[in-house]
Amino acid sequence: MDLSKLPRLRIGNLEAKIPIIQGGMGVCISLSGLASAVAKEGGVGVIASVGIGMNEPDIKTKFKEANKRALQREIREAREKTDGIIGINIMAALSDFDDHVLAAIEEDVDLILVGAGLALKPPAALSKDEVMRYLNKVIPIVSSARAAKIIFQYWAKNYNKVPNAIIVEGPLAGGHLGFKKVQISNPDYALEKIFPDVVSVIKSFNQQFNKNIPIIAAGGIYTGADIYKFFKLGASGVQMATRFVTTHECDASMQFKEAYIKCNKEDIIIIDSPVGLPGRAIRNKFLDDVFMGIKMPFKCAWKCLKYCDFRKVPYCIADALTNAKIGQLEKGFAFAGANAYRANKIISVKELIEILLKEYESAVFA
């Protein structure tokens, strides 16, 4: 496909040749390898910061330092591999959220994607100059028009500006979901339903600040036809995560990728995460044991998430996801989007982008 015919994604003073943001996937599923490969092809590559230091030798004794060091290293390695656009996904629910932001600012990443909470106040430790740099980089991730309105009103009142873009994530996404369990299968909360509501909210802020704020669709987007569908609903770009897992460049182990290729549709289930949110994952023996009430003993050396009561949970989700990342799925599980079962082989990021563009072109001329 001739890329000149494809809409480009403009976020502030950045322009991605391909309007695709690769979704951030933790723990350590999307690091510098995947992010740099996507950025090299003209998309936006994203490193997930959650649990990024889990494989550092001193993670149990120097939690914050290990995470910051690992995050800085991954950003630098991504920069060495590409001059494309690199972003960081930072969960607002992280207990060391401020440290991750500081590292991202110090390394001058292009974008900071903030989900798992509202992207409101910047860390108190930032200088005035750093606050402005932070505000210029932040892209909030929301699951409702209400959340979008709260964030944009807060920014307008307190900073006399609004974010340069926003991501709307629907209930078909993998990992932790910003919905109640009963809402996930309710068609009233489908991305196709909530996305136009966010478009309506953002319209008034476009007028107020004389901007054209890109709204990015996420959650369950798997094909080029899906991309085209949301462009018709007003999207300027899409965020995709699940489909990038089964690429050679994805930073997960081969066993993790094979879990996607081997799973069936009925294997993709909604779980009750220990951190109090529903999540979408691939069913395996580990999760079956949890469902049966079996507890997985662990010691919490730190509290990585603000809202996790480690004294009451049946297992440590950070440990479980780290084990899955390195291929020890008997001691953990793989988060996955609703379409993970559609993967049938491992290909390169370059091949995947080419396939998506062909699918998009076919949808346009269908």
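As the structure is a prediction and not an experimental result, all values here were calculated from the model.

S.K.: Would you mind going over the overall build of the protein chain in detail, with residue names and values included?
M.R.: Helix and strand content of the protein chain: 12 helices and 13 strands. Relative to its length of 366 residues, the protein chain is compact, with a C-alpha radius of gyration of 19 Å against a globular reference of 21 Å. Burial status across the protein chain gives 58% buried among its 366 residues. For the protein chain, the proportion of contacts with a sequence separation of at least 24, taken over those separated by at least 6, is 68%. Accessible surface, the protein chain: about 16100 Å² in total, of which carbon and sulfur atoms supply 50%.

S.K.: Account for unusual backbone geometry, with residues named and values stated.
M.R.: For the bond from glycine 26 to valine 27, the omega torsion is 5°, close enough to zero to count as cis. For valine 27, the location among the structural elements is in the loop between strand S3 (20-22) and helix H1 (32-40). One non-glycine residue, aspartate 108, adopts positive backbone phi at about 55°. Relative to the elements of secondary structure, aspartate 108 occurs in the loop between helix H3 (97-106) and strand S6 (111-115). Although it is not a glycine, alanine 116 sits at a positive phi angle of roughly 55°.

S.K.: Give me the lowdown on the sheet that holds strand S13 (residues 278-282), citing residues and values where you can.
M.R.: Taken in spatial order, the three strands line up as S9-S13-S12 in an open sheet, and their pairing is antiparallel. With partners counted over all chains shown, the strands left at the sheet margins are strand S9 (175-176) and strand S12 (268-272), one partner each. Pairing geometry for S9 and S13, over two bridges, is antiparallel. Bridge pairing links histidine 176 to glycine 279 in S13.

S.K.: So, the nonpolar core: which residues are in play, and what are the values?
M.R.: Membership of the largest hydrophobic core comes to 115 residues, with the highest contact counts inside it found for Ile20, Ile47, Ile112, Tyr134, Phe244, Tyr315 and Phe333. Take this core: its biggest share by element is eight residues, from helix H6 (residues 191-209). Grouped together as the second largest cluster of nonpolar side chains are 16 residues, Ile21, Val44, Ile139 and Ala218 included.

S.K.: An account of the pairing of strand S5 (residues 85-91) is needed here, citing residue identities and associated values.
M.R.: Taking burial as the measure, the seven residues of S5 include seven buried ones, the bulk of the element. Neither face of S5 is open: one carries Ile85, Gly87, Asn89 and Met91, the other Ile86, Ile88 and Ile90, and all of them are buried. Bridging between strand S4 (residues 44-48) and S5 involves five bridges; their strand directions are parallel. Note that in S5 the partner of glycine 45 across the bridge is isoleucine 86. On the question of chirality, the crossover connecting S4 to the parallel S5 by way of helix H2 (residues 63-81) is right-handed. Summarising the sheet, S5 and S6 pair through five bridges and their orientation is parallel. Bridge pairing in S6 links isoleucine 90 to valine 114. Considered for its hand, the β-α-β crossover made up of S5, H3 and S6 is right-handed.

S.K.: Which residues make up the packing of aromatic side chains, and what values do they have?
M.R.: For the structure on display, the rule yields 11 aromatic pairs. Considering the side-chain rings of phenylalanine 152 and phenylalanine 205, the 5.4 Å spacing of their centres and the 55° angle between planes classify their relative orientation as tilted. Linking phenylalanine 152 in helix H5 (residues 145-159) with phenylalanine 205 in helix H6, this pair joins segments that are 53 residues apart in sequence. Relative accessible area serves as the criterion here: at 6%, phenylalanine 205 is assigned to the buried category. Members of the aromatic cluster, each reached through a chain of ring pairs, are Phe286, Tyr315, Phe333 and Phe335. Sitting over the ring of tyrosine 222, arginine 243 keeps its end group 4.8 Å from the ring centre.

S.K.: Lay out helix H4 (residues 128-137) in plain terms, naming residues and giving numbers.
M.R.: What H4 keeps buried is the set Glu130, Val131, Tyr134, Leu135 and Lys137. All buried residues of H4 project into a common sector of 165° when viewed along the axis, lining one side. Exposed and facing more than 90 degrees away from the buried side of H4 are Lys128 and Asp129. On its buried face, H4 sits against H3, S6, strand S7 (138-142) and H5.

Rules of the game
- Residues numbered from 1 in each chain as written.
- Predicted model: local features only at pLDDT ≥ 70, side-chain atom pairs only at ≥ 80, totals over all residues.
- Heavy atoms only, no water.
- Helix = DSSP H or I, 4+ residues; strand = E, 2+ residues; numbered from the N terminus.
- Rg over C-alpha atoms; globule rule 2.2 N^0.38 Å.
- Buried < 20%, exposed > 50% of the residue type's maximum accessible area, 1.4 Å probe, protein only.
- Contact = heavy atoms within 4.5 Å.
- Areas by Shrake-Rupley, 256 points an atom, 1.4 Å probe, with all protein chains shown as cover.
- Pairing = 2+ DSSP bridges.
- Core = buried A, V, L, I, M, F, W, Y, C linked by side-chain atoms within 4.5 Å.
- Right-handed = clockwise from strand over helix to strand, strands pointing away.
- Phe/Tyr/Trp six-rings, centres within 6.5 Å; stacked < 30°, edge-to-face > 60°.
- Lys NZ or Arg CZ within 6 Å of the ring centre and 35° of its normal.
- Arc of directions from axis to C-beta.

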